[in-house]
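Spelled out, the chains give:
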Amino acid sequence: MNRNIQQLVRPSILNLNPYSSARDEFEGEADIYLDANESPFGKFNRYPDPMQNRLKERLAGMKGVDLDQLFLGNGSDECIDLLFRIFCVPGVDKALTFVPTYGMYEVSAGINNVALLKLPLNQDFKINEGDILPYLSEHSLKIIFLCSPNNPTGNLIAQESVTYILDHFDGIVVIDEAYIDFADTASWTTKISEYDHLVVLQTLSKAYGMANLRIGMAMSSPEIIKLLCKVKPPYNISGLVQATALDLLENSVRHAKNTTLIISERSKLVRKLIALSSITKVYPSEANFVLVELQNAVQRYEALREIGIIVRNRVQIVANCLRITIGSPDENSALIKALQSFDNVKFED
């Protein structure tokens, strides 16, 4: 590695004096709060803990990381945006990802005026290491985004490909593990102490059933976590969200049961989809969705929408494909029943 973390950071961020509240300078519970110009009246009159300490302690224990290795964002999307702000000089630096993949990398790059290089995955949605080699030494390339399990393809990025990038790229490597709870593999969080330029993103939105709360996690070296805390908005996660998440996390048995059920339903749904005459391929998935190639994909998507079943149209990203989330047993049965009925319908191309 030729560059250290400090050399990767935007000069304006290195020189930034972060916003600091009196709550950052005080630990414990005070008797009287007269520091933040809040109303003294009401149930929700106080600002939340800006560092989310209780929730962080709970999540750090669950994820097997230290407190100084964990950052909480308003969804993983905030973490993605902040990484662009910290490491990429607008109009100068670049990021890289492999397509097809999660669309917010491109959106955040555009918002931050950062060129995003998009290298195609091969026909099996794997990385060709030879394709990336010329870019690894490019000085203006600051971040590489890897989504694993990948969205919308559902597959894991091969461990050897990730290791190759970590070993040969001295910029920031972000592994987005939003769907890792549904995969039969260990998280890359086990490697964050080994690679100080590795950032692992996870979320409570998927397996934990808290999409409405918008809680994303970034796990990395303490140096990168400090930078994320430096640039985040002062109170980026509300007190109501923090308290609700803590309450829901108490029921670990329910989480494990629901995750197991989703994985089981994924297998059942795949078997039933393959049996349909309109389905030409169901891609292997380690996520809570499947990517399905089918005849007349757009027409079948519209037909499902008309009867109130919403799936994701991905035909512009992967030809003739819809992405289908694994629902409850009843929801999955309703989907299969609808698709079976469409097999008797003649769709116009």
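About the thresholds
- Residues numbered from 1 in each chain as written.
- Predicted model: local features only at pLDDT ≥ 70, side-chain atom pairs only at ≥ 80, totals over all residues.
- Heavy atoms only, no water.
- Core = buried A, V, L, I, M, F, W, Y, C linked by side-chain atoms within 4.5 Å.
- Buried < 20%, exposed > 50% of the residue type's maximum accessible area, 1.4 Å probe, protein only.
- Helix = DSSP H or I, 4+ residues; strand = E, 2+ residues; numbered from the N terminus.
- Pairing = 2+ DSSP bridges.
- Phe/Tyr/Trp six-rings, centres within 6.5 Å; stacked < 30°, edge-to-face > 60°.
- Lys NZ or Arg CZ within 6 Å of the ring centre and 35° of its normal.

1. Description of the nonpolar core
Residues F98, I132, I144, L146, I165 and L273 are the most contacted members of the largest nonpolar core, which totals 75 residues. If you look at the next biggest cluster of nonpolar residues, it comprises 31 residues, including C79, A218, I224 and V231.

2. Description of the environment of S264
With respect to the secondary-structure elements, S264 resides in helix α10 (residues 252–274). Relative accessible area serves as the criterion here: at 31%, S264 is assigned to the partly exposed category. As a C-alpha pair, S264 and P40 span 224 residues in sequence and 51 Å in three-dimensional space.

3. Observations concerning the sheet that holds strand β10 (residues 312–313)
Read from one edge to the other, the open sheet built from four strands follows the order β8-β9-β11-β10, with strand pairing classed as antiparallel. This sheet does not close on itself; its edge strands, each paired only once, are β8 (279–282) and β10. In terms of strand pairing, β8 meets strand β9 (residues 289–294) through three bridges, oriented antiparallel. Among the inter-strand pairings, I279 is bridged to a residue of β9, identified as L294.

4. Observations concerning unusual backbone geometry
The peptide bond linking V99 to P100 adopts the cis configuration, its omega dihedral lying at 5 degrees. Assignment of secondary structure puts P100 in the loop between β2 (94–99) and α5 (104–111). Even without being a glycine, N113 presents a positive backbone phi close to 55 degrees. Here N113 is to be found in the loop between α5 and β3 (115–120). Residue N113 is classed as partly exposed on the basis of its relative accessible area, which comes to 49%.

5. Here we look at the packing of aromatic side chains
Taken as a whole, this structure holds six aromatic pairs when the rule is applied. Residues Y105 and F145 carry aromatic rings whose centres are separated by 4.8 Å and whose planes lie at 15 degrees to one another, so their mutual orientation is stacked. Note that Y105 is positioned in helix α5 and F145 in strand β4 (residues 141–147), a separation of 40 residues in sequence. Exposure remark for Y105: the relative accessible area of 0% places this residue in the buried category. Sitting over the face of the ring of F289, R323 holds its NZ or CZ atom 5.6 Å from the ring centroid.

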